[in-house]
2 protein chains.
Amino acid sequence: MGEETRDRIVTATYRALCEHGYAALTIQDIADECDCSTALVHYHYDTKEDLLVALLEDLLDRFEERVAACEGPPRDRLVSLVELLLFGDDRTTDAPSGFSAALLELRAQARHNDAFRAQLAENDALVHATVTGVLEQGIESGDFRPVDAERTAEHLLAAVRGARTRWVTLEADAAPEAVYRALVEDVIDGWLVDR
Amino acid sequence: MGEETRDRIVTATYRALCEHGYAALTIQDIADECDCSTALVHYHYDTKEDLLVALLEDLLDRFEERVAACEGPPRDRLVSLVELLLFGDDRTTDAPSGFSAALLELRAQARHNDAFRAQLAENDALVHATVTGVLEQGIESGDFRPVDAERTAEHLLAAVRGARTRWVTLEADAAPEAVYRALVEDVIDGWLVDR
């Protein structure tokens, strides 16, 4: 029962964050989305910060579930990962959701907030390890050329992160699609795939 | 005389921003750095926002000066540009300056602030045009393979932006160096340079 309530509160936090952004977000906004009292929210989570860390953990769980669902040869799994990280759930929409913008706000705060920095570092580390792992498997199977997997993962993920930032902050709609095509056609199929 | 005072105020804004970050920055902080009164600051710039837009314009001027100083064949000019954009003045330091973090705060605000968005879009557009221009010259001279210059510029700049974000927010010291080597060795010298 407690678990279910916590899930409801985290889902409400996600929706409230999409709508209000991080800076303006209040516990009242979350309670409103959750259709519950602020007392119930506070019973489960002491602070707004705790709630946002819980949301980042939830995001990581969802990422792991989706990664587990990526199938096929290494090249296809790598392309699916790039697509998932670049577009998230926004691929079919014209604009990124407010959530992407809120996430950037959290990143900008991370320098001054230990809890955000620790959780974002954990999320990033898992994403990096996942991409590095797919690269290593593909090198071992001979699908990829014997590149430096760690460095190539840094490169791919930096490009994904940069394209999302440009999309979210400047509404540069063309950025993610251009970077997606560059990463797939020029990097992955261009020099990474061994053929 | 007015021009000189404005320059002094913009330089003071830069230093105050490095120290305090954007959210906490006050006109008093800027006046303190400038060794002048808040009245003088307000005489030249109505709001904190105006000052930050002036600072972004100043940054763009400096970028143009530095680009003009980049010499040599297209490959070397492209590498110099990547280095300049990735490390700025922080190459020799262990940590990025507070200014990089403040710039990320401004980007995160751009969604809600028309003046920041317009100026950041102008800065980004000039940087993109510069990189695209060097690529086009190199393609014309036969130094680069005939790639899609626009898309390759998006790719390089997204990777630079993403690496800086990771460095600034999570103190991931290795990120810019790994991405620098990936962009130079794998992208530029790997498949972009025609040999």
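Rules used throughout
- Residues numbered from 1 in each chain as written.
- Chains lettered and ligands numbered in written order.
- Predicted model: local features only at pLDDT ≥ 70, side-chain atom pairs only at ≥ 80, totals over all residues.
- Heavy atoms only, no water.
- Helix = DSSP H or I, 4+ residues; strand = E, 2+ residues; numbered from the N terminus.
- Buried < 20%, exposed > 50% of the residue type's maximum accessible area, 1.4 Å probe, protein only.
- Bend = angle between axes of the 7 residues up to and from the residue.
- Axes fitted to C-alpha atoms, helices over the stretch in contact; angles between N-to-C directions.
- Left-handed = near helix turned anticlockwise from the far one by under 90°.
- Contact = heavy atoms within 4.5 Å.
- Nonpolar A, V, L, I, M, F, W, Y, C, P; charged D, E, K, R; others polar.
- pLDDT = per-residue confidence, 0-100.
- Least-squares fit on C-alpha atoms with pLDDT ≥ 70 in both.
- Buried area = accessible area lost by both parts, 1.4 Å probe.
- Salt bridge = Lys/Arg side-chain N within 4 Å of Asp/Glu carboxyl O.
- Polar contact = N/O pair within 3.5 Å; in protein donor to acceptor, adjacent residues only side chain to side chain.
- Core = buried A, V, L, I, M, F, W, Y, C linked by side-chain atoms within 4.5 Å.
- Lys, Arg positive; Asp, Glu negative; His and termini not counted.
- Patch = residues over 30% accessible without salt bridge, like charges linked within 9 Å, V, L, I, M, F, W, Y side chains within 5 Å.
- Areas by Shrake-Rupley, 256 points an atom, 1.4 Å probe, with all protein chains shown as cover.
- Charge placed at Lys NZ, Arg CZ, Asp CG, Glu CD.
- Expected span 1.5 Å × (residues − 1).
- Arc of directions from axis to C-beta.

Caption draft 1: Main features of the overall build of chain A. Along its length, chain A carries nine helices and zero strands. Reading chain A from its N terminus to its C terminus gives the helix and strand order α-α-α-α-α-α-α-α-α. When its C-alpha atoms are laid out on the principal axes, chain A stretches across 60 × 35 × 30 Å. Here chain A, with 195 residues, has 53% of them falling under the buried criterion.

Caption draft 2: Up close: helix α9 (residues 174-192) of chain B. L183 of chain B marks where α9 of chain B bends most, by close to 25°. Counting buried residues in α9 of chain B gives 14 out of 19 residues, a clear majority hidden from the surface.

Caption draft 3: Representation of the packing of helix α1 (residues 2-20) of chain B against helix α2 (residues 27-34) of chain B in the model. Residues and elements named next belong to chain B. Interhelical geometry of α1 versus α2 gives an angle of 115° and a closest axis separation of 8 Å. The two elements α1 and α2 cross, and the hand of that crossing is right-handed. Contact with α1, carried on its side by R8, I9, A12, T13, R15, A16, E19 and H20, involves D29, I30, E33 and C34 of α2 and no other residues of that element. Its residues assigned to classes, the contact of α1 with α2 comprises five nonpolar, two polar and five charged.

Caption draft 4: Up close: the confidence of the model for chain A. Residue and element names in this part refer to chain A. Looking at chain A, pLDDT values average 89 and 94% of them are 70 or higher. Looking at the elements of chain A, mean pLDDT is at its lowest for helix α6 (residues 98-110), recorded as 83, and at its highest for helix α2 (residues 27-34), recorded as 95. As scored by the predictor, the complex reaches a pTM of 0.90 and an ipTM of 0.88.

Caption draft 5: Geometry of the relation of the copies chain B and chain A. Mapping chain B onto chain A calls for a rotation angle of 180° and an axial translation of 0.0 Å; the resulting RMSD is 0.0 Å. The superposition operator between the copies reduces to a two-fold rotation axis.

Caption draft 6: The interface of chain B and chain A, seen in detail. Of the residues lining the interface, 40 residues belong to chain B; the matching set on chain A comes to 39 residues. Regarding the contact of chain B and chain A, the summed buried area is about 3500 Å², with carbon and sulfur atoms giving 59% of it. At the junction of chain B and chain A, the tally comes to eight salt bridges. With a shortest N-O distance of 3.1 Å, R151 of chain A and E185 of chain B are connected by a salt bridge. The tally of links between chain B and chain A comes to eight residue pairs in polar contact (both at pLDDT 80 or more). Those elements that place two or more of their residues in the side of chain B that touches chain A are α6 (98-110), α7 (114-141), α8 (149-170) and α9 of chain B. For the side of chain B that touches chain A, the element with the highest residue contribution is α8 of chain B, accounting for 14 residues.

Caption draft 7: Layout of unusual backbone geometry. Positioned with a positive phi, D35 of chain A is a non-glycine residue whose angle comes to about 60°. You can see D35 of chain A is positioned in the loop between α2 and α3 (38-44).

Caption draft 8: Molecular detail of the nonpolar core. Grouped together as the largest cluster of nonpolar side chains are 64 residues, with contacts concentrated most on L78 and V131 of chain A together with L78 and V131 of chain B. For this core, the secondary-structure elements that each account for two or more residues are α5 (74-87), α7 (114-140), α8 (149-170) and α9 (174-192) of chain A together with α5 (74-87), α7, α8 and α9 of chain B. If we ignore the near neighbours within four places in the chain, the residues touching V131 of chain A are L78, L81, L85, A153, L156 and L157 of chain A.

Caption draft 9: Region of the structure containing the side chain of D29 of chain A. Residue and element names in this part refer to chain A. Secondary-structure assignment places D29 in helix α2. Buried charged residue D29 carries no salt bridge. Nearest counter-charge: K48, at 7.7 Å. Setting aside anything within four residues of it in sequence, one finds D29 in contact with A16, H20 and A24.

Caption draft 10: Region of interest: a negative patch on the surface. Residue and element names in this part refer to chain A. Residues E57, D61, E64, E65 and E122 make up a contiguous surface patch of negative charge. At four residues, helix α4 (residues 48-69) tops the list of elements feeding residues into the negative patch. Among the secondary structure elements, E57 is positioned in helix α4. Assessed through its relative accessible area of 41%, E57 is described here as partly exposed.

Caption draft 11: Up close: the pattern of salt bridges. Taken as a whole and judged by the stated rule, the model has 24 salt bridges over all chains. One salt bridge connects R166 of chain B with D124 of chain A, and the closest N-O pair in it is separated by 3.4 Å. Of this pair, R166 of chain B sits in helix α8 while D124 of chain A is found in helix α7, placing the two residues in two different chains. Through salt bridges with shared partners, one network takes in R107, D124, E154 and R161 of chain A together with R166 of chain B.

Caption draft 12: The arrangement of the environment of F99 of chain B in detail. Residues and elements named next belong to chain B. Relative to the assigned elements, F99 resides in helix α6. Between the C-alpha atoms of F99 and V184, which are 85 residues apart in sequence, the distance is 26 Å. In this structure F99 touches Y14, L17, C18, L55 and L59, once residues within four positions along its chain are discounted.

Caption draft 13: The arrangement of the side chain of T132 of chain B in detail. Inspection of the secondary structure assignment puts T132 of chain B in helix α7. Of the residues examined, T132 of chain B reaches a relative accessible area of 6% and is grouped as buried.

Caption draft 14: Structural context of α1 of chain B. Residues and elements named next belong to chain B. Taking 1.5 Å per residue as the helical rise, α1 with its 19 residues ought to reach 27 Å, and the 26 Å between its terminal C-alpha atoms agrees with that figure. Three or more residues of α1 are buried, namely T5, I9, V10, A12, T13, A16 and L17. Down the axis of α1, the buried side of the element spans an arc of 165°, and every buried residue falls inside it. Among the exposed residues of α1, those oriented more than 90 degrees off its buried face are E3, E4 and E19. Directly after α1, the chain includes G21, whose backbone phi takes a positive value near 80°.

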